[in-house]
Amino acid sequence: MNRQQFAEAVKKLDTSPYKITINASSDGAWRRGCFLEDGIWKVYETDGSGRLHILFQNKAEEKAFAYLYRLLCTSAQKKRKSWFQFWK
């Protein structure tokens, strides 16, 4: 999955509370994204205080964006399950 495919696919996901940033690192709170630094794609997230945590690194753009997409899908599934648990 490349940047353009990722940008289209992520529109269909509920990414809250995270804001998604592509091609730039971010210093804001609750953000996830991917950026290129020295030939290496880095997938990151920031916590509530804005601290950056690198989650995955790879030279291949496709692998980095695929990892980020799987991460977002997993988060969305957990959110849905928690809502279903609430209503039981």
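Draft legend 1. Layout of the packing of aromatic side chains. Under the criterion given, the structure shown has five aromatic pairs. Through a chain of ring-to-ring contacts, the aromatic side chains of Phe6, Trp41 and Phe65 assemble into a single cluster. Over the ring of Tyr18 we find Arg32, and its NZ or CZ is 3.9 Å from the ring centre.

Draft legend 2. View of the nonpolar core. In terms of nonpolar packing, the biggest core is built from 12 residues, these being Phe6, Val10, Leu13, Cys34, Trp41, Val43, Ala64, Phe65, Leu68, Leu71, Leu72 and Cys73. Listing elements by their share of this core, those giving two or more residues are helix 1 (3-10), strand 3 (40-46) and helix 2 (61-87). For this core, the element with the most residues is helix 2, which contributes six residues. The contact partners of Leu72, leaving out residues within four places of it in the chain, are Phe6, Val10, Leu13, Thr15, Ile20 and Arg32.

Conventions and cut-offs
Residues numbered from 1 in each chain as written. Predicted model: local features only at pLDDT ≥ 70, side-chain atom pairs only at ≥ 80, totals over all residues. Heavy atoms only, no water. Phe/Tyr/Trp six-rings, centres within 6.5 Å; stacked < 30°, edge-to-face > 60°. Lys NZ or Arg CZ within 6 Å of the ring centre and 35° of its normal. Core = buried A, V, L, I, M, F, W, Y, C linked by side-chain atoms within 4.5 Å. Buried < 20%, exposed > 50% of the residue type's maximum accessible area, 1.4 Å probe, protein only. Helix = DSSP H or I, 4+ residues; strand = E, 2+ residues; numbered from the N terminus. Contact = heavy atoms within 4.5 Å.

Shape descriptors only; they carry no functional weight alone.
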